[in-house]
Amino acid sequence: MSSLHIIAKAPSSVSIAELNALINDEDVLIFIEDGVYFARTEFSPAASFAQKLRQLECYFLEEDLAARGIDLLEGMQTVDTRGFVELSARLPRSVSWY
Amino acid sequence: MTFLANTPKASGALRYTLLINAAPQSSQGAKTALRFAESLLQMGHNIERLFFYGDGVLNASSLSVMPQDEINIPAAWHALIEANGLSSVVCVSSAIRRGIVDTAEAQRHELYAASCYTSSEIGGLGQLIEALSNSDRMLSFG
Amino acid sequence: MDNNIPNKQTISLIARRAPYGSDGARQTLDIAFAAAVFEQPLNYIFIGDGVFQLVAGQNSVEISSKPQGAALETLELYGINEVFVHSESLLNRGLTESQLVCRANLIEDCALKQLIAESTYVINL
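Residues numbered from 1 in each chain as written. Chains lettered and ligands numbered in written order. Predicted model: local features only at pLDDT ≥ 70, side-chain atom pairs only at ≥ 80, totals over all residues. Heavy atoms only, no water.

Novice: Account for the sheet that holds strand β4 (residues 121-123) of chain B, with residues named and values stated.
Specialist: Paired through backbone hydrogen bonds, the strands of a sheet run either parallel or antiparallel to each other. Residues and elements named next belong to chain B. Taken in spatial order, the 5 strands make up an open sheet running β4-β3-β2-β1-β5, and their pairing is parallel. Each of the sheet's edge strands pairs with one partner strand only, and the pair in question is β4 and β5 (137-141). Recorded for the sheet is a direction-independent mean angle of 25 degrees between the axes of neighbouring strands. Where helix α1 (residues 29-42) meets the sheet, it contacts β1 (15-20), β2 (46-52) and β5, and its direction lies at approximately 170 degrees from that of β1. (Pairing = 2+ DSSP bridges. Helix = DSSP H or I, 4+ residues; strand = E, 2+ residues; numbered from the N terminus. Axes fitted to C-alpha atoms, helices over the stretch in contact; angles between N-to-C directions. Contact = heavy atoms within 4.5 Å.)

Structure (structure tokens):
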């Protein structure tokens, strides 16, 4: 069964090794708070994680993108807090990373 | 798909336990949790319990004074809890260490003042476990 | 309060904080003890810097902190037997099983993901 991983920390502040260890191929990711910095084009994730970002359903929280002045890129899926609630309702389990 | 032990209600409304592990000021977690809780209720879901743990207990401080132009997070939680009749528990071991005490604890330990909003109850981790057994979803914020 | 939780829920606790530098390790442990008292099925997973909690030879007297290693032996006393240590986290930190305070159930990524997928709740402080 799929999990919703809630990533609230910037790339430099969260362990990619741990994310890779726990996130599986059917999981959905939502980036919130400082986690929205994963959306910046200048961010070059470790290859292993980059692949996950491409393959998995990923969302970015609108309010946090706006706060940080991060532009929406083509193909980027965003949700507002209501959308975040919907994701949490759809998936049976969440794992928070903060 | 495996059927979970806790079946969501037919109406689609789910029961959520929210675990808040961050102080109002030091990270964004408490603010996100507050917005999430507000949206949850607006969308027709139920909050089984709010559980404040670790530094999260500071969200129940009735002694917090904010500058005029800043949101008072503990007051906002208090208003949400009262308006919606929510069950809000502040973990006792985290709370008393951090000076978050209700009248009973203040008297017991001969402290100057009580500091916890009465809308939150000082309780134990058992209440987190109990809430989880009655919930469909749990999210934690920190 | 009813000690028999009727629903078969499993809680997985992720312990990924190093001991002493923050209270994360202690916070996760306390949840485990509460869950055990309620006979809630539990998985306790040491991963990342959390594996440092298991290193033998800790002496925390001078930093005014309760020793962390002793708390872990209590896991077994509380009947928490599903305790796992992420093998790659040990490897990445140059740790071997012989340096740990207790015997470790090593777990690889694949089995770990499976464990998470079978959990009702995951608490990752």
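Novice: An account of the packing of aromatic side chains is requested, with residue identities and associated values reported.
Specialist: Residue and element names in this part refer to chain B. Tallied over the entire structure, the rule returns 10 aromatic pairs over all chains. Judged by centre distance (6.3 Å) and plane angle (50 degrees), the ring pair of Phe 51 and Tyr 53 falls under tilted. For the pair formed by Phe 51 and Tyr 53, the shared burial category is buried. For the pair Phe 52 and Trp 77, a centre-to-centre distance of 5.2 Å together with 85 degrees between the ring planes defines the contact as edge-to-face. (Phe/Tyr/Trp six-rings, centres within 6.5 Å; stacked < 30°, edge-to-face > 60°. Buried < 20%, exposed > 50% of the residue type's maximum accessible area, 1.4 Å probe, protein only.)

Novice: Describe the interface of chain C and chain A, listing the residues and the values that go with them.
Specialist: The interface is formed by 19 residues belonging to chain C together with 16 residues belonging to chain A. Summing both partners gives a buried area of about 1,400 Å² for chain C against chain A, and 50% of it is carried by carbon and sulfur. Connecting chain C to chain A are 1 salt bridge. The residue Arg16(C) makes a salt bridge to Glu18(A) at a minimum N-O spacing of 3.6 Å. Scanning the region where chain C abuts chain A turns up 9 residue pairs in polar contact (both at pLDDT 80 or more). Elements with a contribution of two residues or more to the side of chain C that touches chain A: α4 (109-117) and β5 (121-124) of chain C. With 5 residues, α4(C) is the single largest residue contributor to the side of chain C that touches chain A. Classifying every residue of the side of chain C that touches chain A gives 7 nonpolar, 5 polar and 7 charged. (Buried area = accessible area lost by both parts, 1.4 Å probe. Salt bridge = Lys/Arg side-chain N within 4 Å of Asp/Glu carboxyl O. Polar contact = N/O pair within 3.5 Å; in protein donor to acceptor, adjacent residues only side chain to side chain. Nonpolar A, V, L, I, M, F, W, Y, C, P; charged D, E, K, R; others polar.)

Novice: So, the side chain of Ser119(C): which residues are in play, and what are the values?
Specialist: Relative to the elements of secondary structure, Ser119(C) occurs in the loop between α4 and β5. Look at Ser119(C) and you get buried, because its relative accessible area is 2%. When near neighbours in sequence (up to four residues on either side) are disregarded, Ser119(C) contacts Arg93(A), Thr10(C), Ser12(C) and Asn43(C).

Novice: Mind laying out the sheet that holds strand β2 (residues 28-31) of chain A, listing which residues take part and the relevant values?
Specialist: All names here are of chain A. If you walk across this open sheet you meet the 5 strands as β4-β3-β2-β1-β5, and the pairing is parallel. Every other strand in the sheet has two partners, leaving β4 (78-79) and β5 (93-97) as the edge strands with one partner each. For β2 and strand β3 (residues 57-61), the ladder comprises 4 bridges, and the chain directions are parallel. Opposite Phe 31, over in β3, you have Phe 60 as the bridge partner. Against the sheet, helix α4 (residues 81-90) makes contact with β1 (3-7), β2, β3 and β4, and its axis sits at roughly 145 degrees relative to β3, the strand it touches most.

Novice: Outline the interface of chain A and chain B, listing residues and values.
Specialist: With 22 residues of chain A in contact, the opposing surface of chain B contributes 23 residues. Taking both partners together, chain A and chain B bury about 1,800 Å²; carbon and sulfur atoms supply 56% of that area. Remark: the boundary between chain A and chain B carries 1 salt bridge. Arg35(B) serves as the salt-bridge partner of Glu63(A), at 3.6 Å between the closest nitrogen and oxygen. Taken together, the links from chain A to chain B amount to 12 residue pairs in polar contact (both at pLDDT 80 or more). Put simply, the parts of the chain that give the side of chain A that touches chain B at least two residues each are α3 (62-67), α4 and β5 of chain A.

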